[in-house]
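# A structural walkthrough
Each chain, letter by letter, is given below.
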Amino acid sequence: MTKYDFDRVIDRHGTDALKVDAVQGIWGRNDLLPLWVADMDFATPPFVLEELRARLQHEVLGYTVRTPRWESAIVAWQKGRYDWNIQKDWLNFVPGIVPGIAFAISCFTQPGDTILIQPPVYHPYIHVPQNLGRTLRENTLKLVDGQYQIDFSHFEKDVKGCKLFLLCHPHNPGGRVWRSDELLKIAEICHREGVIVISDEIHADLTLPPYHHVPFAKLSREAAECSVTLMSPSKAFNMAGLTSSYSIISNPDLREKFHRYLENSELNLGHLFAFNSVAAAYSHGTEWLDQILAYVQGNIDYVESFLKTYTPLIGMIRPQASYLIFLDGRKLNLSQSELNRFFVEDAHLALNDGAMFGKEGAGFMRLNVASSRKVIEEAMRRLKMAYDNYFLKL
C-alpha cells in the first residue's frame, strides 16, 4: 500500500523554481510543459520538511557545525543500501556535486592537464573542465541494443596521459547502471595508469529494480586507492535546493589533499540545513524512496508503451536508474534545430536538448518523468498531437 501521495499536482510557479520560473527567460514563452531540470515535482518528503521546520522554530539562524548525526546517518545509509563499510573520517561536506567536481579538478590537476569524459554525458562534465582551463579527451560511449556501453577497445588508450577520469555512475542522460565487471576494468586500468577517478554517484539512490548500484570505491583495492566518490540525497529526496553533498575518500593521501583544499578556502563549512536535512533523509527515507522508485518506474512504463503505440518513430533509452528518459528522435530525420522546434513549437514541451550532452546526443531529447501521472499523460498527449500533425504535413 502506498503511504505517500505522488498523484497530487503541486503548482511550483512563483517559487523561484528553475524548472518552472526560468521557462519564459529561456524559451521566450510560458505555454510549455516543463519537464527538463532534474528535480522532482513531488513534495519533498515530510520527514525532511519537518526537520527544517523544527530548526526554524529557533530564533537564531547562525553558523552551523558538522554534527555526528550527519556522519552516522551517511555511514548507516551506505551500509544499509550498498553494504559499503565506510568510516566517518572519509567524509567531507561539499556544496553540491558539480562544485565538488570543480573542486576535485582544481585540487588534483593543473591548467592544461587532460581530463577524460564519456559523452554523451551530463553537460557540466564538458564545460566545467574547460572553464577551468583543462583539456578534454573523449571516450565516446556506444549505443548497443538500446543501452550505452563503454568502448573498452579504446578506453585504455584514451586514458593514457590523463590526470582525471570523470565517471558518471549511474549514467546521465542514458540512465545506465554500470556493472561490477565494467567498473573493475575501469579501476584496474586507471590505477595502473595513475589516473584519479571522480565517481559522481548522485543518481545511485534512484537505481530502479531489478538493477543494483555498486559504489565504485567498494569494488576493489585498486578502485578505493584511485578514487573520490561524490554523493548526495538531493536527487532521490528532492532537496536539490539545499546543495548538500559529500565526498567519500578512503585513500588517505587523496583524502588529505582534498580535505586540505576544501578547508583552505572554507568550502566545506556547510550551511544551516546542510547536515540535519541529510540526516533526516537517510534516517527515515527507506520506505519513501522505495515508493517513489515504484511510481517513477510506472511513469517510465507508461511512456515506453505510449511511444511504441502512438509515436513509433520516437524511441527511448529505458533508464536503469533515475527519472530521466533519453528520447530518441533520430528516425524523424530532423536536424537538431528542427527537433527542438518540433518539441517546443509543436508539442509545447520544455525538454533538454540532447546535443547539450555532447555531439553524440544529437537526435535526442531528455525528458524528466518525476511528475504526477496526470502531468506525464498530458505531455504524451501533446507529443502525439505534434507527431500526428507532423505526418499530416508530409
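Everything numeric in this text was worked out from a predicted model, so none of it was measured. (Residues numbered from 1 in each chain as written. Predicted model: local features only at pLDDT ≥ 70, side-chain atom pairs only at ≥ 80, totals over all residues. Heavy atoms only, no water.)

Positionally, Thr64 belongs in the loop between helix H3 (46-56) and helix H4 (68-82). Given a relative accessible area of 25%, Thr64 falls into the partly exposed group. Taking the C-alpha atoms as reference points, Thr64 and Thr15, separated by 49 residues in sequence, lie 25 Å from one another. With residues near it in sequence (within four places) discarded, Thr64 still touches Leu269, His271, Leu272 and Phe275. (Helix = DSSP H or I, 4+ residues; strand = E, 2+ residues; numbered from the N terminus. Buried < 20%, exposed > 50% of the residue type's maximum accessible area, 1.4 Å probe, protein only. Contact = heavy atoms within 4.5 Å.)

Our focus in this paragraph is the packing of aromatic side chains. Summed over the entire model, instances satisfying the criterion amount to 27 aromatic pairs. For the ring pair Tyr302 and Phe306, a centre distance of 6.0 Å and an interplane angle of 45° mean the geometry is tilted. Of this pair, Tyr302 and Phe306 both sit in helix H12 (residues 286-310), four residues apart, which is roughly one turn of the helix. Classification of Phe306 by relative accessible area gives buried; the value is 9%. Clustering of aromatic rings is evident, with ring pairs tying together Tyr4, Phe6, Phe42, Trp70, Trp77, Phe93, Phe237, Tyr246, Phe275, Tyr282, Trp288 and Tyr295. The ring centre of Phe152 lies 4.7 Å from the NZ or CZ of Lys185, which sits over that ring. (Phe/Tyr/Trp six-rings, centres within 6.5 Å; stacked < 30°, edge-to-face > 60°. Lys NZ or Arg CZ within 6 Å of the ring centre and 35° of its normal.)

So, on to the pattern of salt bridges. Considering all chains together, one arrives at 29 salt bridges under this definition. The residue Glu193 makes a salt bridge to Lys160 at a minimum N-O spacing of 2.9 Å. Residue Glu193 is located in helix H8 (residues 180-193), and its partner Lys160 is located in the loop between helix H7 (152-159) and strand E7 (164-168); the two are separated by 33 residues in the primary sequence. One salt bridge in this structure joins Glu225 and Arg221, with 3.2 Å as the shortest N-O distance. Of the two residues, Glu225 and Arg221 are both situated in helix H9 (residues 221-225); the distance of four residues between them amounts to about one turn of the helix. Residue Glu225 is classed as partly exposed on the basis of its relative accessible area of 31%. If you follow the salt bridges from partner to partner, you end up with Glu156, Lys160, Glu188, Arg192 and Glu193 in one network. (Salt bridge = Lys/Arg side-chain N within 4 Å of Asp/Glu carboxyl O.)

Turning to the layout of surface pockets, a few remarks are in order. The space that makes up the second largest pocket amounts to roughly 330 Å³. As for the second largest pocket, its lining consists of 19 residues, of which Ile10, His13, Val20, Leu33 and Pro34 are closest to the centre. Looking at the lining of the second largest pocket, the elements with two or more residues in it are helix H1 (18-21), helix H2 (23-27) and strand E1 (33-34). Taken together, the residues of the lining of the second largest pocket sort by class into nine nonpolar, five polar and five charged. (1 Å grid on protein atoms, 1.4 Å probe; cavity = no way out; pocket = protein on both sides within 12 Å on 5 of 7 lines; lining within 4 Å. Points joined across faces, edges and corners; volume = space filled by probe spheres on them. Nonpolar A, V, L, I, M, F, W, Y, C, P; charged D, E, K, R; others polar.)

Next up on the list: the sheet that holds strand E11 (residues 315-317). With antiparallel pairing, four strands are arranged side by side in an open sheet as E11-E12-E15-E14. Edge positions in the open sheet fall to E11 and strand E14 (352-353), since each of these has one partner strand only. Packed onto the sheet, H12 meets E11, strand E12 (324-328) and strand E15 (364-368) and runs at close to 150° relative to E11. Packing against the sheet, helix H13 (residues 336-346) makes contact with E12, E14 and E15, and its axis sits at approximately 30° to E15. (Pairing = 2+ DSSP bridges. Axes fitted to C-alpha atoms, helices over the stretch in contact; angles between N-to-C directions.)

Before going further, it helps to spend a moment on the sheet that holds strand E2 (residues 91-94). The seven strands lie next to each other as E2-E10-E9-E8-E7-E3-E4, forming an open sheet whose pairing is mixed. Only two strands of the sheet have a single neighbouring strand rather than two, namely E2 and strand E4 (135-138). On average, each strand axis in the sheet is tilted by 25° relative to the strand beside it, whichever way the strands run. Where strand E9 (residues 227-231) meets strand E10 (residues 245-248), three bridges bridge the pair, whose relative direction is antiparallel. The residue bridging Leu230 from the neighbouring strand is Ser247, located in E10. Strand contacts of helix H10 (residues 252-264): E2, strand E8 (196-200), E9 and E10, with the helix running at about 35° to E2, the strand carrying the most contacts.

Among the secondary structure elements, His259 is positioned in helix H10. Setting aside residues up to four positions removed in sequence, His259 forms contacts with Asp89, Trp90, Leu91, Asn92 and Ser247.

The next thing to look at is helix H14 (residues 373-393). With 21 residues, H14 should reach 30 Å at 1.5 Å per residue; the first-to-last C-alpha distance of 30 Å fits that figure. All buried positions along H14 are accounted for by Val375, Ile376, Ala379, Met380, Arg382, Leu383, Ala386, Tyr387 and Tyr390. Taken end-on, H14 shows its buried residues confined to a sector of 160°, consistent with a single buried face. Exposed side chains of H14 directed beyond 90 degrees from the buried face belong to Lys374 and Leu392. Tucked inside the fold, the buried residues of H14 contact E1, H12, H13, strand E13 (349-350) and E15. (Expected span 1.5 Å × (residues − 1). Arc of directions from axis to C-beta.)

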